[in-house]
Amino acid sequence: MKLLKTLMAGAALVVGLGGMAHAQDKTKIGFVYVGPVGDFGWSYEHDQGRKAVEDAFGDKVETTFVESVPEGADSERVMTQMALSGAKLIFTTSFGYMDPTINVAKKFPNVKFEHATGYKQADNVSTYSARFYEGRSVIGHIAGNMTESNTIGYIASFPIPEVIRGINASYLAAKAVNPDVKMKIVWVYTWFDPGKEADAATALIEQGADIIMQHTDSPAAMTIAEEKGILAFGQASDMKQFGPNARLSSIIDNWAPYYIERTQAVIDGTWKSGNTWAGIKDGMVEIGEFSDKIPADVKASATALKDGIAAGTIHSFTGPINKQDGSPWLAEGETADDGTLATMNFYVEGIEGEIPQ
Amino acid sequence: MDFSSISIVSLLATLMVAATPILLAAIGELVTEKSGVLNLGVEGMMIFGAICGFIAAVETGSPLIGFIAAAAGAAALSLLFAILTQYLLANQVASGLALTLFGLGLAALLGHKYTGIKPPSSPKLDLPILSDLPVIGPILFNHDYMIYFSILLVAVVWYFLKFTRKGLVLRAVGENHDAAHALGYKVIRIRVLAIMFGGACAGMGGAYLSLIRVPQWTEGMTAGAGWIALAIVVFASWKPWRIILGAYLFGGVTILQLNLQAVGVDIPVSYLSMAPYLVTIIVLVIMSADRKRASLNAPASLGRIFHASN
């Protein structure tokens, strides 16, 4: 046992020294993921972005990542470890890493941090996110047209602005083409738990949903939709292989261009703290290929909607829109400003149920 | 709010599906702990069983072979823990945690090529007449075979521990390994077998997740089910039948709150999700408040290292 311990300590030392030797000539970049890189959803796409950085810069960079990091104190430890081992730029890729990122950034003023989907910045902390709600509008439009039971099931993760925005955007788009549409929402309080996501999908189907949307990270709901013969959309990643018949389209996150741009800025020494919120126009949100199940006219109108959003002529939140309680939010023709969208904490009129507190 | 749209029949059916993985893992861990070994590697053995079962089922087309492979694979993995703790006398808590990390990593590695594949579907029990009975049919006679197997397994474990000589020996080893050793029982051998039984059960629980409940392979798909199984053993105060109660309670609360939400009932979701954990903590508090009862239930040698020279 003693021998084993000595051996392990020795091995750890060698690994540590090896890491330090490399840190001198390469720019080290760290990535913190909330799920496993093999989730084929959210974390998978962030890892594709990391690989794109490696491909683009080759020997000039060295990337490391830690997967399945719980949101909270654990993530602070992981970030600190990354900063201590010489990372110059750290991407923290989940909403719940917001306060830990700010805390760690205070301790390491020379390390740059990039926090995904949050709203707190500092001199060395940027935030970035994609306008997923633009994609939600497109798939909401398709769902509104395709549902036969007029019931769309929505698997939601946590009641944060990003998720609520997605629910509102898809509901508005579905309602615009189908006034009878209803949205049933289930909160699972997890980003990644295939078993629970599958159970939520089953519960929604039980309640009459014939199309499932999700704001969680695993393809479990897609698998259940395929099994029960109903329809669904890929989330964060295409997910076609999990539901060849069920999948109608998908919202794909493409982080690669942003990650490459920010890495270049750190190498050049031009990195500045900022807030990036890019959508379909910039290619950060992509709409996956349309399934053959979608009728030609719906394909055409969905494409027109997508192109309109990309061109800036259509906004997902265009008045008149009332809040759930009936109080007016946007007047005729008015569009929502980013500030309101970033902190959205209310349902729009027509959605049933309450946002859990 | 329309409660009537929740179908009790399908609610019970999904409840059983949600509870079976933790039920299987927990009954295995109960036997391991009864022999005096605390194996915290349940999560790792479950996920390893999930991928072993998935690969075997996909390659052979038979879910049955999948479950057998899951049991064998996870038992083999648990043997690693057995060697570390029983022969090399390593700390059980540390070894168990290491087993979880190792299992998660190894499963991810093996499963690399198996994402996005649909496993063969498992047959359901279909008895003439019985399965077609209204209400009772779908609740009792129309599940996949593993659900019946898991309940049968609990019954067998209960009978084994309570009424057989071998079960008594296993309990003796867990209560006082020195005395058992003095009486000539092979403490190490019995514990290794108990660890492997625990591994096999956890493996089948994992395979149930990847072959029936979700059915797909995703990295890290057990998402903490192994830890819940560990908690349920304590919740059940090491009594087999209470394992069923605990697992179905956990599964039931999860499924019920999802269904209530889908129907549109306004309930504080976050409180309901934490309810099973709260209950476990309360049970722990009650148990430790009464020392006599606690000492009756928890195996006295739990987690202690045995060495024949002691």
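Residues numbered from 1 in each chain as written. Chains lettered and ligands numbered in written order. Predicted model: local features only at pLDDT ≥ 70, side-chain atom pairs only at ≥ 80, totals over all residues. Heavy atoms only, no water.

Glancing now at the overall build of chain A. Scanning chain A from terminus to terminus reveals 11 helices and 14 strands. For chain A, the C-alpha radius of gyration of 22 Å lies close to 21 Å, the compact-globule estimate for 357 residues. Projected onto the principal axes, the alpha-carbon positions of chain A cover approximately 70 × 45 × 40 Å. Within chain A, the proportion of its 357 residues that are buried is 57%. Restricting to contacts in chain A with at least 6 residues of sequence separation, those with at least 24 account for 65%. Entry remark: accessible area of chain A is about 14,300 Å², with carbon and sulfur atoms responsible for 53%. Between the averaged position of the 30 positive side-chain charges in chain A and that of its 45 negative side-chain charges there is a distance of 7 Å. (Helix = DSSP H or I, 4+ residues; strand = E, 2+ residues; numbered from the N terminus. Rg over C-alpha atoms; globule rule 2.2 N^0.38 Å. Buried < 20%, exposed > 50% of the residue type's maximum accessible area, 1.4 Å probe, protein only. Contact = heavy atoms within 4.5 Å. Areas by Shrake-Rupley, 256 points an atom, 1.4 Å probe, with all protein chains shown as cover. Lys, Arg positive; Asp, Glu negative; His and termini not counted. Charge placed at Lys NZ, Arg CZ, Asp CG, Glu CD.)

Moving on, we get to the UniProt feature "domain: ABC transporter substrate-binding protein PnrA-like" (unreviewed entry) in chain A. In this numbering, the UniProt entry assigns the feature "domain: ABC transporter substrate-binding protein PnrA-like" (unreviewed entry) to residues 26-294 of chain A. End-to-end, the C-alpha atoms of residues 26-294 of chain A are 49 Å apart, and along that stretch the chain is 39% helix and 23% strand. (UniProt positions renumbered as here; feature names shortened; annotations may be inferred.)

Right, let's get into a nonpolar patch on the surface. Among the surface-exposed residues, Tyr271, Met274, Tyr277, Leu278, Ile281, Ile282, Val285 and Ile286 of chain B lie close enough to one another that they form a single nonpolar patch of about 810 Å² accessible area. Inspection of the secondary structure puts Ile281 of chain B in helix α12 (residues 269-289). (Patch = residues over 30% accessible without salt bridge, like charges linked within 9 Å, V, L, I, M, F, W, Y side chains within 5 Å. Salt bridge = Lys/Arg side-chain N within 4 Å of Asp/Glu carboxyl O.)

Across the boundary between the two partners, chain A contributes 36 residues, which contact 30 residues of chain B. Note on chain A versus chain B: buried area summed over both sides is about 2,600 Å², and carbon and sulfur give 58% of it. It is Lys196, Asp199 and Gln207 of chain A in chain A that bury the most area against chain B; as a group they hold 19% of the surface buried on that side. Asp199 of chain A is the salt-bridge partner of Arg213 of chain B, the closest N and O atoms lying 2.3 Å from each other. At the boundary of chain A with chain B, the tally comes to 6 residue pairs in polar contact (both at pLDDT 80 or more). Of all the secondary structure elements, the ones that give two or more residues to the side of chain A that touches chain B are β7 (182-187), α7 (194-206) and α8 (220-228) of chain A. No other element matches α7 of chain A, which puts 10 residues into the side of chain A that touches chain B. Classifying every residue of the side of chain A that touches chain B by side-chain character gives 19 nonpolar, 8 polar and 9 charged. (Buried area = accessible area lost by both parts, 1.4 Å probe. Polar contact = N/O pair within 3.5 Å; in protein donor to acceptor, adjacent residues only side chain to side chain. Nonpolar A, V, L, I, M, F, W, Y, C, P; charged D, E, K, R; others polar.)

Right, let's get into the layout of surface pockets. Its volume calculated, the largest pocket comes out at about 1,500 Å³. Around the largest pocket, the lining is made up of 49 residues, and of these Phe192 of chain A together with Glu43, Thr222, Ala223 and Gly224 of chain B lie nearest the centre. Among the secondary structure elements, those contributing two or more residues to the lining of the largest pocket are α7 of chain A together with α1 (8-34), α4 (92-110), α9 (187-213), α10 (225-235), α11 (240-263) and α12 of chain B. At 6 residues, the largest contribution of residues to the lining of the largest pocket is made by α4 of chain B. (1 Å grid on protein atoms, 1.4 Å probe; cavity = no way out; pocket = protein on both sides within 12 Å on 5 of 7 lines; lining within 4 Å. Points joined across faces, edges and corners; volume = space filled by probe spheres on them.)

Looking now at the confidence of the model for chain A. For chain A, per-residue confidence averages 90 on the pLDDT scale, and 93% of positions sit at 70 or higher. Predicted confidence is poor over residues 1-23 of chain A, with pLDDT under 50, and the contacts of this stretch with residues over four places away or in other chains come to 2 contacts. (pLDDT = per-residue confidence, 0-100.)

On to the side chain of Arg213 of chain B, then. Looking at the element boundaries, Arg213 of chain B is found in helix α9. Here Gly195 of chain A takes part through its backbone oxygen, which lies 3.3 Å from a polar atom of the side chain of Arg213 of chain B. Sequence-distant contacts of Arg213 of chain B, that is, excluding residues within four places in its chain, are made with Gly195, Lys196, Ala198, Asp199 and Ile224 of chain A together with Val17, Ala18, Pro21 and Tyr208 of chain B.

Here the focus is the nonpolar core. By size, the foremost hydrophobic cluster in this structure holds 102 residues, and its most contacted members are Trp217, Ile243 and Tyr248 of chain B. With 15 residues, α9 of chain B is the largest single contributor of residues to this core. If near-sequence neighbours (up to four positions away) are discounted, Trp217 of chain B is found in contact with Phe242 of chain A together with Ile47, Ala50, Ile51, Phe54, Ala107, Ala108, Gly111, Tyr114 and Thr115 of chain B. Ranked by size, the runner-up nonpolar core spans 91 residues in total, among them Phe113, Val125, Leu231 and Met284 of chain A. (Core = buried A, V, L, I, M, F, W, Y, C linked by side-chain atoms within 4.5 Å.)

The next subject is the sheet that holds strand β6 (residues 151-156) of chain A. Residue and element names in this part refer to chain A. Strand order in the open sheet formed by 6 strands is β7-β6-β8-β9-β10-β12, with mixed pairing between adjacent strands. Of all strands in the sheet, those with a lone pairing partner are β7 and β12 (285-287), marking the two edges. Between one strand axis and the next, the sheet turns through 15° on average, direction left out of account. Pairing analysis gives 2 bridges linking strand β8 (residues 211-214) to strand β9 (residues 231-236), with the strands arranged parallel. Across the sheet, residue Ile212 finds its bridge partner in β9, namely Ala232. With respect to the sheet, α7 is in contact with β6, β7 and β8, its orientation differing from that of β6 by roughly 160°. (Pairing = 2+ DSSP bridges. Axes fitted to C-alpha atoms, helices over the stretch in contact; angles between N-to-C directions.)

Before going further, it helps to spend a moment on the packing of helix α3 (residues 63-87) of chain B against α4 of chain B. Residues and elements named next belong to chain B. At a minimum axis separation of 10 Å, α3 and α4 run at an interaxial angle of 155°. The angle between α3 and α4 places the two elements in the roughly antiparallel class. Where α3 crosses over α4, the handedness of that crossing is right-handed. Judged by residue contacts, Leu77, Leu80, Phe81, Leu84, Thr85 and Gln86 of α3 engage Gln92, Ser95, Gly96, Leu99, Phe102, Gly103 and Leu106 from α4. Residue classes in the contact of α3 with α4 are distributed as 7 nonpolar, 6 polar and no charged. (Parallel < 35°, antiparallel > 145°, perpendicular 65-115°, else oblique. Left-handed = near helix turned anticlockwise from the far one by under 90°.)

What makes a disulfide is a covalent bond joining the sulfur atoms belonging to two cysteines. All names here are of chain B. One pass over the structure, following the stated rule, counts 0 disulfides over all chains. Free cysteine: Cys52, not disulfide-bonded; nearest cysteine sulfur from Cys201 at 15 Å. Taking relative accessible area as the criterion, Cys52 reaches 15% and is therefore assigned buried. (Disulfide = S-S within 2.5 Å.)

Our next topic: the environment of Gln216 of chain B. With respect to the helices, strands and loops of the structure, Gln216 of chain B is situated in the loop between α9 and α10. On a C-alpha basis, the gap between Gln216 of chain B and Ala50 of chain B in space is 9.6 Å, while along the polypeptide they are 166 residues apart. Each residue touching Gln216 of chain B, except ones within four places of it in the same chain, is listed here: Pro219, Ala220, Thr223 and Phe242 of chain A together with Phe54, Ile117, Pro119, Ser210 and Met221 of chain B.

In this section: the packing of aromatic side chains. Residue and element names in this part refer to chain A. Per the stated rule, a full pass over the model turns up 26 aromatic pairs over all chains. A ring pair is formed by Trp329 and Phe346, whose centres lie 5.1 Å apart and whose planes are at 80°; its orientation type is edge-to-face. Of this pair, Trp329 sits in strand β14 (residues 328-330) while Phe346 sits in the segment after α11 (338-342), and the two are 17 residues apart along the sequence. For the residue pair Trp329 and Phe346, the accessibility class agrees, reading buried in each case. Aromatic rings pair up to connect Phe31, Tyr33, Trp42, Phe65, Phe91, Tyr128, Phe132, Trp255, Tyr258 and Tyr259 into one cluster. The positively charged end of Lys323 is found above the aromatic ring belonging to Phe346, 4.5 Å away from the centroid. (Phe/Tyr/Trp six-rings, centres within 6.5 Å; stacked < 30°, edge-to-face > 60°. Lys NZ or Arg CZ within 6 Å of the ring centre and 35° of its normal.)

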